[in-house]
Amino acid sequence: MHDQLAGQGHALVHTTWGQWLAAALLDPGLRSLLGRDWPRYRQTAAPAGRLRFAVSRMVLKHTAAAALQVPADALDLAYRPGGRPHLRGLAEAEVSLAHTDELIVVGISRSGPIGVDAEPVTRRPSFELLHPYVCTPDEAAELAALGEDERALRLLHLWTLKEAYTKALGHGMRRSFSAVGFRRDEQGRTVLAGGPDGAARWILATHLLHGRYLVSSARRPPREIETASRPAPYPLEETGLPPAATLGWQLPGSSGAQPT
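My aim in this report is to walk through the structure given alongside it, one point at a time. Remember, predicted model here, so these are calculated numbers, not experimental data. (Residues numbered from 1 in each chain as written. Predicted model: local features only at pLDDT ≥ 70, side-chain atom pairs only at ≥ 80, totals over all residues. Heavy atoms only, no water.)

### Looking at the pairing of strand β4 (residues 94-100)
Here is step 1 of the chain: Counting buried positions along β4 gives six out of seven residues, so the element sits mostly inside the fold.
Here is step 2 of the chain: The sheet contact formed by β4 and strand β5 (residues 103-109) spans seven bridges and is antiparallel. Bridge pairing in β5 places Ala98 opposite Val105.
Here is step 3 of the chain: Counted between consecutive antiparallel strands, the loop separating β4 from β5 contains two residues, among which Asp101 sits at a positive phi close to 50°. (Buried < 20%, exposed > 50% of the residue type's maximum accessible area, 1.4 Å probe, protein only. Helix = DSSP H or I, 4+ residues; strand = E, 2+ residues; numbered from the N terminus. Pairing = 2+ DSSP bridges.)

In structure tokens:
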């Protein structure tokens, strides 16, 4: 991972909280590792919620430690307004965390902001209820013309992309998703629709992981390291789990999916 971070400036990793459960239960250094998060961990009433909180922070810290080649308990995890995590004293490294069901995803970047989000593909958000809050008028019109299953997946796809993008901005749920639009460019890639100068520089990707989860990422490399041709979406790092496949507009299991 250190080599990927050094060479590409960013990395994504995924795991499950069950794989880290024993570490969270048995690690005598858990309090030191959690640091400022220890009171929050102790104050989480539900045992399952407390363990999931500990595991997600352990995975984030160990990911950053492996990437930056520093001890995990030497990293000080703090939170900006809105809840965005950051590594105190390491302004050159950006991190993002997402978890849903048993899945945990961490993004780390030394080349600009990064955001990640994940949702189960089995989740069926209500288009009728949510599209005024999630979709731009153009997106809503596009989704309305789709079949029910494809519409649900596309809405979930948009949700994860917008969550990842607003996390990278540091806004999270405080920013209206309906004010952020996406479109396909001439190469079939997902790009921001309109927006301020520099919006086209954002690199967006969605992965179908294990056939069960949509994992979206958004990152903005510094202008000085951009190239004329944008790189393909970066893979999720191996963690002993099957590798991710990329997802286009197709439903899971369909052929010919293209990277977003």
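### Considerations on the side chain of Asp117
Here is step 1 of the chain: Relative to the elements of secondary structure, Asp117 occurs in strand β6 (residues 114-120).
Here is step 2 of the chain: By relative accessible area, which is 7% here, Asp117 ends up buried.
Here is step 3 of the chain: In this structure, Asp117 is in contact with Ala98, Trp159, Thr160, Glu163, Ala164, Lys167, Leu214, Val215 and Ser216, ignoring residues within four places of it in sequence. (Contact = heavy atoms within 4.5 Å.)

### Structural notes on unusual backbone geometry
Here is step 1 of the chain: Phi at Gln69 is positive, roughly 60°, even though this residue is not glycine.
Here is step 2 of the chain: With respect to the secondary-structure elements, Gln69 resides in the loop between α5 (47-68) and β2 (77-79).
Here is step 3 of the chain: We classify Gln69 as exposed; its relative accessible area is 58%.
Here is step 4 of the chain: A positive phi angle, close to 60°, is found at His210, a residue other than glycine.
Here is step 5 of the chain: The residue His210 is located in the loop between β9 (203-209) and β10 (213-219) in this model.

### Here's the deal with the pairing of strand β1 (residues 10-16)
Here is step 1 of the chain: The buried fraction of β1 is high, at seven of seven residues.
Here is step 2 of the chain: Residues His10, Leu12, His14 and Thr16 line one face of β1 and the alternating positions Ala11, Val13 and Thr15 line the opposite face, and both faces are buried.
Here is step 3 of the chain: Relative to β5, β1 is paired through seven bridges, and the arrangement is antiparallel. Within β5, the residue paired with Leu12 across the bridge is Gly107.

### Looking at the packing of aromatic side chains
Here is step 1 of the chain: Considering all chains together, one arrives at four aromatic pairs under this definition.
Here is step 2 of the chain: Residues Trp159 and Phe177 carry aromatic rings whose centres are separated by 5.1 Å and whose planes lie at 75° to one another, so their mutual orientation is edge-to-face. Highlighted residues: Trp159 in helix α8 (residues 148-169) and Phe177 in the loop between α8 and β7 (182-184), separated in sequence by 18 residues.
Here is step 3 of the chain: An aromatic cluster is built from Tyr165, Phe182 and Trp202, whose rings are joined through pairwise contacts.
Here is step 4 of the chain: Over the aromatic face of Tyr79 sits the side chain of Arg40, whose NZ or CZ is 5.9 Å from the ring centroid.
Here is step 5 of the chain: Of note, Arg151 hangs over the ring of Phe127, and the distance from its end group to the ring centre comes to 5.5 Å. (Phe/Tyr/Trp six-rings, centres within 6.5 Å; stacked < 30°, edge-to-face > 60°. Lys NZ or Arg CZ within 6 Å of the ring centre and 35° of its normal.)

### Overview of the nonpolar core
Here is step 1 of the chain: Counting residues in hydrophobic clusters, the biggest one holds 31 residues, and the most contacted among them are Leu30, Tyr41, Leu87, Ile104, Val106 and Ile108.
Here is step 2 of the chain: Per-element tally for this core: the top contributor is α5, with eleven residues.
Here is step 3 of the chain: Once you skip the residues sitting within four places of it in the chain, Ile104 turns out to touch Val13, His14, Thr15, Trp17, Val55, Ser56, Val59, Leu97, Ala98 and His99.
Here is step 4 of the chain: The next biggest cluster of nonpolar side chains, apart from the first, holds 17 residues, and it includes Val134, Cys135, Leu192 and Ala218. (Core = buried A, V, L, I, M, F, W, Y, C linked by side-chain atoms within 4.5 Å.)

### So, α5
Here is step 1 of the chain: With 22 residues, α5 extends 31 Å between its outermost C-alpha atoms, agreeing within 8% with the 32 Å of an ideal straight helix rising 1.5 Å per residue.
Here is step 2 of the chain: Positive backbone phi, approximately 60°, marks Gln69, located one or two places after α5. (Expected span 1.5 Å × (residues − 1).)

### Description of the environment of Ala66
Here is step 1 of the chain: In this structure, Ala66 sits in helix α5.
Here is step 2 of the chain: Put simply, Ala66 and Leu5 are 61 residues apart on the chain and 10.0 Å apart in space, counted from C-alpha to C-alpha.

### Points about the packing of helix α7 (residues 137-144) against α8
Here is step 1 of the chain: In contact at an axis separation of 9 Å, α7 and α8 are set at 155° when each is read in the N-to-C sense. With respect to each other, α7 and α8 are oriented roughly antiparallel. Both α7 and α8 take part in a crossing whose hand is right-handed. Contacts between α7 and α8 involve Glu139, Glu142, Leu143 and Ala144 from the first element and Arg151, Arg154, Leu155, Leu158 and Lys162 from the second.
Here is step 2 of the chain: Taken together, the residues of the contact of α7 with α8 break down into four nonpolar, no polar and five charged. (Axes fitted to C-alpha atoms, helices over the stretch in contact; angles between N-to-C directions. Parallel < 35°, antiparallel > 145°, perpendicular 65-115°, else oblique. Left-handed = near helix turned anticlockwise from the far one by under 90°. Nonpolar A, V, L, I, M, F, W, Y, C, P; charged D, E, K, R; others polar.)

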